[in-house]
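Breakdown of the fold
Single-letter residue listing:
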Amino acid sequence: MPWELIIWLISAALCVVLLMQPVWEYPLPRWLDGIAWGWALGGFPLTVGRMVTTWRRLCIATDLAVTNRPRHAVIAGDLMVSGSPLRPSVPRLGLPRLTRSGLRLRIRMLPGQTPALYLAAAEAMTHDWRVYGVRVVSPRRGWVTITATARDPLADGAAGVVARSVRLLSAVVGLTEDGGPWGIDFRAVPHWLVVGATQSGKSTLLASLVSELAPQPVALVGIDCKGGLELSLFEARLSALASNRGEAAALLAALVVEIEGRMAECRAAGARSVWELADGSRPVPLVVLVDELAELYLSDGSRESKRLAVECSTALLRLAQLGAALGLHLIVAGQRVGSDLGPGVTALRAQLGGRVCHRVHDEQTALMALGDLWPDAVAVAQSIGEDERGVAVATVGGSWLRVRSTHTTTEQARLTAMMHAKSTPAMPGLVHAVGGGDLS
Ligand SMILES: Nc1ncnc2c1ncn2[C@@H]1O[C@H](COP(=O)(O)OP(=O)(O)O)[C@@H](O)[C@H]1O
Ligand SMILES: [Mg+2]
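Our subject in this report is the structure included herewith. Here the residue numbers are simple positions, counted from 1 along each chain's written sequence. To label them, take the chains in the order written and letter them from A, then take the ligands in the order written and number them from 1. With the structure being a predicted model, the display of local features is reserved for residues of pLDDT at least 70 and the display and counting of side-chain atom pairs for 80 or more, all residues being used for whole-chain, interface and lining totals. Water and hydrogen atoms were dropped before computing side-chain values, which therefore reflect all heavy atoms in the structure.

Things to note about the packing of helix α6 (residues 245-269) against helix α8 (residues 303-322)
Note the cut-off: Angles shown run from 0 to 180 degrees and are taken between the N-to-C directions of axes, each axis being a line fitted to C-alpha atoms and, for helices, limited to the stretch in contact. Put simply, DSSP H or I for four residues or longer makes a helix, DSSP E for two residues or longer makes a strand, and each gets a number counted from the N terminus. Put simply, angles under 35 degrees are roughly parallel, angles over 145 are roughly antiparallel, angles from 65 to 115 are roughly perpendicular, and the rest are oblique. Should the near helix be turned counterclockwise from the far one by less than a right angle, the crossing is left-handed, whereas a clockwise turn marks it as right-handed. It only takes one pair of heavy atoms within 4.5 Å for two residues to be counted as in contact. All residues other than Ala, Val, Leu, Ile, Met, Phe, Trp, Tyr, Cys, Pro, Asp, Glu, Lys and Arg, Gly among them, are scored as polar; the first ten of these are nonpolar and the last four charged.
It is at 9 Å that the axes of α6 and α8 come closest, and there the two elements cross at 30°. The pairing of α6 with α8 is recorded here as roughly parallel in orientation. Note that α6 runs across α8; the crossing there is left-handed. Across the interface between the two elements, Arg245, Gly246, Ala248, Ala249, Leu252, Leu255, Val256, Ile259, Glu260 and Met263 of α6 pack against Ser305, Leu308, Ala309, Glu311, Cys312, Ala315, Leu316, Arg318, Leu319 and Leu322 of α8. Within the contact of α6 with α8, the residues separate by chemical class into 14 nonpolar, two polar and four charged.

Structural data, given as structure tokens:
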């Protein structure tokens, strides 16, 4: 096709200009940082060409074309004909803008149209434009924004955006499917639930989170009842670590005492949350990481075991209910979160507003993790393959997206924790509780 040839020629000329950049030393604009050049110079203009040439046919085939003319007409005096009008009008394509891994454009909907029509046409767009994915959102009444992604940014080896966490209690833990940074922000969503089958990437996500939070003035507390295998890597940066259920029950009880103390402090100062206290008197924010939730609820039938399970469950629920305003945040990882674990689990899940669902074995688990908030995300979570470790469906800014966590290795995790060991806030009350906890 001649237009394809013209586009290639323009791209080749641009390539030459860019290749000469080190020799001429002219500065590149900042927005070009992180752009995939192959996409910008080859794929992008080709895709725009495909969009322009297929748009009218696509609109007609997917019912995006509308007509203002009547479906019948009277011709030759008294002969009435009916049928589809010949030239329906189609919505006008906005100017496509280059993004790091695709393109974005806005379309003004025609009168009578709703975003649902465009959502239904998204799959046809991916085929006609030959891109990996198309996402349709409607941020403003009357408009839709269409984002096309050139290739799966979550695939192994795909280049992503390297971003750092900047806000207190927020952590960039990976990439989202549109190529942007994936953040867990405890100030926006106070508590998180992470589910997934064994080897799906739960502990790696916790490791990435700890690595990002380690430099911040935040106390990290670990509960890992599988002998502390995963979280003990970070022991140098943890203010307290419980590695069996006895210790966990004692630590959770001490955390409840801690937040009750904070509640009294807030009340005395007339503040509704620790964030309203003066900078100097504000207690350090606490993030409690729980790996393998089921271990807290398991019972071997003995009275002692049942007592510990109830204690853990009650304390955890209390922390989830009261914690957010008092600077205590929870991130709980487990394989299942069903009521079969214990009576408090469903109530706990309702408090954990942030959700991350890795590969799961059964629909039930995906439903429990996402179904109450995002029913349409359940099928997407179920489609995560065996080899897609670290890929998940997660809460992102009031909606959900496919995401992939940063692959933090054991060695990296240990090193990061040691590097920031000095910034570990001392919490003697918690350490004492763990030291004095009876073993189960
Ligand atoms: N984001 C990721 N990218 C690449 N590989 C990952 C990622 N997350 C996990 N993995 C791989 O999967 C393995 C299991 O991960 P892990 O976090 O221990 O799973 P889980 O805690 O769910 O059992 C890890 O050893 C790692 O090699
Ligand atoms: Mg694990």
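The rest of the description comes next.
Regarding the site of ligand 1
What counts, and what does not: Residues are labelled near a given molecule or strand when at least one of their non-hydrogen atoms is within 4 Å of it. In the analysis that follows, any N or O atom pair within 3.5 Å is treated as a polar contact, provided that within protein one partner can donate a hydrogen and the other can accept it, and provided that, for residues neighboring in sequence, both atoms belong to side chains.
Taken together, 13 residues sit near ligand 1, with Gln199, Lys202, Ser203, Thr204 and Ser405 positioned nearest. One nitrogen or oxygen atom from the main chain of Ser200 is found 3.2 Å from an oxygen atom belonging to ligand 1. Of all the elements in the fold, those that place two or more residues in the shell around ligand 1 are α5 (202-213) and β16 (399-405). In terms of residue class, the shell around ligand 1 is made up of one nonpolar, nine polar and three charged.

Focus on the sheet that holds strand β8 (residues 181-185)
Consider a sheet: its strands pair through backbone hydrogen bonds, and that pairing is either parallel or antiparallel. To be explicit about the condition: Note: two strands are recorded as paired if DSSP finds a minimum of 2 bridges between them.
Spatially, 10 strands are ordered β8-β7-β16-β15-β14-β9-β13-β12-β10-β11 in an open sheet, and the strand pairing comes out mixed. Strand pairing shows two members of the sheet lacking a second neighbour, β8 and β11 (238-242), which therefore form its edges. If you compare each strand with its neighbour and ignore which way they point, the axes differ by 25° on average. Across five bridges, strand β12 (residues 286-291) lies against strand β13 (residues 328-334) in parallel orientation. Across the sheet, Leu289 pairs through a bridge with Ile331, a residue of β13. In the packing of α5 onto the sheet, contacts are made with β7 (170-176), β8, β9 (192-195), β10 (219-224), β12, β13, β14 (354-357) and β16, and the angle to β7 comes to roughly 135°.

Remarks on the packing of helix α3 (residues 37-61) against helix α4 (residues 115-129)
Where α3 meets α4, the axes come as close as 9 Å, and the angle between the chain directions of the two elements is 130°. It follows that α3 is oblique to α4 by the angle criterion. Regarding α3 and α4, the two cross each other, and that crossing is right-handed. In contact with Thr47, Arg50, Met51, Thr54, Trp55 and Leu58 of α3, α4 contributes Ala124, Met125, Asp128 and Trp129. Tallied by class, residues from the contact of α3 with α4 come to six nonpolar, two polar and two charged.

Focus on the layout of surface pockets
Note the cut-off: Points on a 1 Å grid over protein atoms alone make up a cavity when a 1.4 Å probe fits among them but cannot get out, and a pocket when they form an open set with protein on both sides within 12 Å along at least five of seven lines; lining residues each have an atom within 4 Å of a point. Grid points are joined across faces, edges and corners, and a volume is the space filled by probe spheres set on the points. For the domain bounds, the source is a domain assignment made automatically or taken from a database.
In this model, the second largest pocket occupies a volume close to 620 Å³. Lining the second largest pocket we find 20 residues, and of these Val134, Arg135, Val136, Glu177 and Trp400 sit closest to its centre. Those elements that place two or more of their residues in the lining of the second largest pocket are α4, β5 (133-137), β6 (143-149) and β16. Residue-level mapping places the lining of the second largest pocket at the junction of two domains, with at least three residues from each of domain 1 (2-65 + 88-149) and domain 2 (170-436).

Overview of the side chain of Arg237
Put simply, the test is: With a 1.4 Å probe rolled over the protein chains alone, any residue whose accessible area is under 20% of its type maximum counts as buried; one over 50% counts as exposed, and the rest are partly exposed. Positive charges come from Lys and Arg alone, negative charges from Asp and Glu alone, with His and the N- and C-terminal ends not counted. Salt-bridge detection follows one rule: a side-chain nitrogen of Lys or Arg within 4 Å of a carboxyl oxygen of Asp or Glu.
Within the secondary structure, Arg237 sits in the loop between β10 and β11. Of the buried charged residues, Arg237 lacks a salt bridge, with Glu212 as the closest side chain of opposite charge at 12 Å. Here the side chain of Arg237 touches Ala214 through a polar contact of 2.8 Å, landing on its backbone oxygen. In this structure Arg237 touches Leu213, Ala214, Gln216, Val218, Leu220, Ala417, His420, Ser423, Thr424 and Pro425, once residues within four positions along its chain are discounted.

Let's talk about the pairing of strand β4 (residues 102-108)
Summarising the sheet, strand β3 (residues 97-98) and β4 pair through two bridges and their orientation is antiparallel. Opposite Leu98, over in β4, you have Leu103 as the bridge partner. Connecting the antiparallel pair β3 and β4 is a turn made up of three residues. Sheet topology places β4 next to β6; seven bridges connect them, and they run antiparallel. The partner of Arg108 across the bridge, within β6, is Trp143.

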